[in-house]
Amino acid sequence: MENRRFPENCTCFLERDLANKILSKAEQADVVHTIQSLYDAGAPLFRREHILYLEEAIRGRHEHVNLCGMDGSAYEPRIGYRTIQKMVNGVPPDGRMRTWGAFSAYRIACFPRHTAPFSQDSLSKSHQLWALYQDLWKRSPTCLTLMLLLDRLPPQIQVTKIVCFGLGALLPNVCRTCQDCQRSPDCQAHRSIRSRTFTQHAAAVSMMQKLRQQTPHLEFYSQEPEYSPECRVLLNQMGIRVLDGHRGFLEVDDKTLVFSIKPAVPVKQIITELARPAMIIWDAMGGDERNDDERNPDKWQLLTQNSKRLWHSPFGVDPDSSRTRKMLGEEYIVCPFLGDRLNFGQLDIHIRRSARAILGGSAPQTPSSEVSSALY
């Protein structure tokens, strides 16, 4: 799934938000300073029990809060998450912060809901494409390298569960509504989109098959709100259990392999707060997100679009944080996910530090190049 931002004003909170006081610049600076101080002192952004509470609250009132658009589209409530960057630098230079909710990393936002009926034709096309891309993946050097890594994991790295985030719909809406896609499963206009989503799922399934050689009852979950009814049927046939809402985060523990590619929620910061998975494969760090200080107020960009002035935030949806970097640097060995950036982008593989046996007891500061050499 491509990165995309949450709505700036979460629908369910807008009325209450507007009713609260607008902070002056001095008051806003005090709030930001307090948030940063709490964060530096170790106050958690996210808690497992909070996510569970919000998920159950949304599920319990789901039928009362669905919204309909003028065009017939439907929306449903989901949890929205604010990164530490958003909390301390989420207001552009000429913007204002309000009092309500400033110290909360949670929001409730409304997102488009799938309303298209199940299509047997779409399911048949998905089966054809799955067979094609699974075969291409299994014959790829990237697959061979990844399977070799899993073969060489030491016994103390136990993986009993795979949880995926952000792998995208197998047939996204752009394909479901494309006439060329309807006529032929090999529509050239959207070939790259299909290649990414099917290949990423094929990689996840191959990891499941490899790990089940050692752990036959390994559990396999995927959290992706964009899955269509056809996706759910096909994934169930593959042995993947689709989790609604954000319940994937509640499944992650110290025996989990987390597989995340360009999610629409801050997976890195949430996982950092909730668990220490046995193995993590997710987007590599890059750009401003390497900075130790999460506050970068001078990096907002003022853009002009259709004669309107718009502020562009410097932070993506799934940025790193000082806590994430500390966790990975102190507790994990890292090596790059080699090959096939077209379908996966730039990923890193993190193996919890107890995996030092792979390196024959090397020191924690072993360069990533040596890690890669040892693993591959």
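Residues numbered from 1 in each chain as written. Predicted model: local features only at pLDDT ≥ 70, side-chain atom pairs only at ≥ 80, totals over all residues. Heavy atoms only, no water.

In the nomenclature of an unreviewed UniProt entry, the chain corresponds to SRR1-like domain-containing protein from the organism Colletotrichum melonis.

S.K.: Could you give me a rundown of the pairing of strand β8 (residues 279–283), with the residues and numbers involved?
M.R.: Taken across its 5 residues, β8 has 5 buried, putting it largely inside the fold. With 3 bridges joining them, strand β7 (residues 256–260) and β8 adopt parallel strand pairing. Pairing of leucine 257 across the sheet is with methionine 279, part of β8. This β-α-β element, β7 to helix α13 (residues 267–274) to β8, shows right-handed connectivity. (Buried < 20%, exposed > 50% of the residue type's maximum accessible area, 1.4 Å probe, protein only. Helix = DSSP H or I, 4+ residues; strand = E, 2+ residues; numbered from the N terminus. Pairing = 2+ DSSP bridges. Right-handed = clockwise from strand over helix to strand, strands pointing away.)

S.K.: So what's going on with helix α10 (residues 191–211)? Residues and values would help.
M.R.: In a regular helix each residue adds 1.5 Å, so 21 residues correspond to 30 Å; α10 covers 30 Å between its end C-alpha atoms and thus fits that length. Counting buried residues along α10, 16 of its 21 residues qualify, which places the element largely inside the surrounding structure. (Expected span 1.5 Å × (residues − 1).)

S.K.: Quick rundown of the nonpolar core? Include the residues and the values.
M.R.: Among the nonpolar cores identified, the biggest contains 49 residues, and Leu257, Phe259 and Ile281 are the most heavily contacted of them. Taken together, the elements giving at least two residues each to this core come down to α6 (120–138), α7 (141–151), β4 (161–165), α10, α11 (229–238), β7, β8 and β12 (347–352). When residues of this core are assigned to their parent elements, the largest contribution, 8 residues, is made by α10. Not counting chain neighbours up to four residues away, the residues in contact with isoleucine 281 comprise Leu146, Met207, Leu257, Val258, Phe259, Ser260, Phe337, Leu347, Asp348 and Ile349. (Core = buried A, V, L, I, M, F, W, Y, C linked by side-chain atoms within 4.5 Å. Contact = heavy atoms within 4.5 Å.)

S.K.: Give a detailed account of the packing of aromatic side chains, specifying residues and quantitative values.
M.R.: This model, assessed by the stated rule, comprises 8 aromatic pairs. Here tryptophan 137 and phenylalanine 344 contribute two aromatic rings whose centre-to-centre distance is 5.5 Å and whose plane-to-plane angle is 55 degrees, an arrangement assigned as tilted. Of the two residues, tryptophan 137 sits in helix α6 while phenylalanine 344 sits in helix α15 (residues 341–344), which places them 207 residues apart along the sequence. This pair shows no difference in class: tryptophan 137 is buried, exactly as phenylalanine 344 is. Its guanidinium or amino end placed over the ring of tyrosine 39, arginine 323 lies 3.9 Å from that ring's centre, counting from NZ or CZ. (Phe/Tyr/Trp six-rings, centres within 6.5 Å; stacked < 30°, edge-to-face > 60°. Lys NZ or Arg CZ within 6 Å of the ring centre and 35° of its normal.)

S.K.: So what about the environment of cysteine 175? Which residues, and what values?
M.R.: Looking at the secondary structure, you find cysteine 175 in helix α8 (residues 173–176). For cysteine 175, a relative accessible area of 3% corresponds to the buried category. Taking the C-alpha atoms as reference points, cysteine 175 and arginine 191, 16 residues apart in sequence, are found 9.5 Å from one another.

S.K.: I'd like a rundown of α7, residues and numbers included.
M.R.: Here α7 has its buried residues at Thr142, Cys143, Leu146, Met147, Leu149 and Leu150. For α7, the arc enclosing every buried residue in end-on projection is 155 degrees, short of the 170-degree limit, so these residues lie on one face. Away from its buried face by more than 90 degrees, α7 exposes Pro141 and Leu144. (Arc of directions from axis to C-beta.)

S.K.: Let's hear about the environment of tyrosine 221: which residues, and what values?
M.R.: Mapping tyrosine 221 onto the fold places it in strand β5 (residues 219–223). Judged by its relative accessible area of 5%, tyrosine 221 falls in the buried class. In contact with tyrosine 221, not counting residues within four places along its chain, are Lys161, Ile162, Val163, Cys164, Ile240, Arg241, Leu243 and Glu251.

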